[in-house]
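One-letter residues, chain by chain:
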Amino acid sequence: QVQLRESGGGLVQAGGSLRLSCAASGRFYSNYVMGWFRQAPGKEREFVAGIHWSAGNTLYADSVKGRFTISRDSAKVTVYLQMNSLKPEDTAVYYCAARPDTIVVRAAYDYWGQGTQVTVSS
């Protein structure tokens, strides 16, 4: 079992920045992939970014490329999502998730955090 705990959400004005954190604990292995997803009211959960824990390769949704950066701290077993140039359409509950081996954009992850709200005002 892997436990994931997000933090760092909040309210920010358009053009501002936030950094989300997701701390992992339990049976977390170096071949795991960590992903960030988001879900806005009335919409399906969508992929935002992913990173392979040991290889370090990343993948981003087109909607966030150039604005968001995913990174990890191996010592803290924590993944981050740095969000810059935020837009009102980025407003959603953001979830981190984990699965073995491969970054995938569908929500086929084995472990999920509880989510953290990000609200971007115009």
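Preceding block: the structure.
This section reports on the structure supplied with the text. (Residues numbered from 1 in each chain as written. Predicted model: local features only at pLDDT ≥ 70, side-chain atom pairs only at ≥ 80, totals over all residues. Heavy atoms only, no water.)

### Considering the pairing of strand β11 (residues 116–121)
(1) Moving on: Burial along β11 is one-sided: Thr116, Val118 and Val120 are buried, and none of Gln117, Thr119 and Ser121, which face the opposite way, are.
(2) Moving on: Sheet topology places strand β2 (residues 10–13) next to β11; four bridges connect them, and they run parallel. Each bridged residue has a counterpart across the sheet, and for Val12 the counterpart in β11 is Val120.
(3) Moving on: In terms of strand pairing, strand β9 (residues 92–100) meets β11 through three bridges, oriented antiparallel. The partner of Ala92 across the bridge, within β11, is Val118. (Buried < 20%, exposed > 50% of the residue type's maximum accessible area, 1.4 Å probe, protein only. Helix = DSSP H or I, 4+ residues; strand = E, 2+ residues; numbered from the N terminus. Pairing = 2+ DSSP bridges.)

### A look at the pattern of salt bridges
(1) Moving on: Applying the stated criterion to the full structure yields four salt bridges.
(2) Moving on: Overlapping salt bridges, with partners in common, bring together Arg38, Glu46, Arg67 and Asp90 in one network. (Salt bridge = Lys/Arg side-chain N within 4 Å of Asp/Glu carboxyl O.)

### Considering the nonpolar core
(1) Moving on: Judged by nonpolar contacts, the single largest core of 39 residues is most densely connected at Leu4, Met34, Trp36, Leu81, Met83 and Tyr94.
(2) Moving on: Listing elements by their share of this core, those giving two or more residues are β1 (2–7), β3 (18–26), β4 (32–39), β5 (46–52), β7 (68–73), β8 (78–83), β9 and β11.
(3) Moving on: Setting aside residues no more than four positions away along its own chain, Met83 makes contact with Gly16, Ser17, Leu18, Leu20, Arg67, Phe68, Tyr94 and Val118. (Core = buried A, V, L, I, M, F, W, Y, C linked by side-chain atoms within 4.5 Å. Contact = heavy atoms within 4.5 Å.)

### Focus: the state of the cysteines
(1) Moving on: Evaluation of the coordinates by the stated rule reveals one disulfide.
(2) Moving on: Covalently, Cys22 is tied to Cys96 through a disulfide, its sulfur atoms 1.9 Å apart. For the disulfide bridge between Cys22 and Cys96, the dihedral angle about the S-S bond is near 45°, and by the sign convention the bridge is right-handed. Placement of Cys22 in strand β3 and of Cys96 in strand β9 is noted, with a sequence separation of 74 residues between them. An identical accessibility class is assigned to Cys22 and Cys96; each is buried. (Disulfide = S-S within 2.5 Å.)

### Description of the sheet that holds β8
(1) Moving on: Taken together, the four strands give an open sheet; going across it, the order is β1-β3-β8-β7, and neighbouring strands pair in antiparallel fashion. Each edge of the sheet is formed by a strand with only one pairing partner; in this case those strands are β1 and β7. Sheet twist, expressed as the average angle between the axes of neighbouring strands with direction ignored, equals 20°.
(2) Moving on: The pairing of β7 with β8 spans six bridges and is classified as antiparallel. By the bridge assignment for β8, Asp73 is matched with Thr78. (Axes fitted to C-alpha atoms, helices over the stretch in contact; angles between N-to-C directions.)

### Observations concerning the side chain of Thr78
(1) Moving on: Counting through the fold element by element, Thr78 comes out in strand β8.
(2) Moving on: In this structure Thr78 comes out as buried when scored by relative accessible area, which is 8%.
(3) Moving on: In this structure the side chain of Thr78 is engaged in a polar contact, spanning 2.9 Å, whose partner is the backbone oxygen of Lys76. (Polar contact = N/O pair within 3.5 Å; in protein donor to acceptor, adjacent residues only side chain to side chain.)

### Quick notes on the packing of aromatic side chains
(1) Moving on: One pass over the full model with this rule turns up nine aromatic pairs.
(2) Moving on: Ring geometry for Phe37 against Phe47: centres 5.6 Å apart, planes inclined by 80°, an arrangement best described as edge-to-face. One end of the pair, Phe37, is in strand β4; the other, Phe47, is in strand β5, and 10 residues separate them in sequence. Neither residue differs from the other here; Phe37 and Phe47 are each classed as buried.
(3) Moving on: Among the aromatic residues, those joined into a ring-pair cluster are Phe28, Tyr29, Tyr32, Trp53 and Tyr111.
(4) Moving on: When the ring centre of Tyr95 is taken as reference, the NZ or CZ atom of Arg45 above it lies at 3.8 Å.
(5) Moving on: Lying over the aromatic face of Trp112, Arg45 brings its terminal NZ or CZ to 4.8 Å of the ring centre. (Phe/Tyr/Trp six-rings, centres within 6.5 Å; stacked < 30°, edge-to-face > 60°. Lys NZ or Arg CZ within 6 Å of the ring centre and 35° of its normal.)

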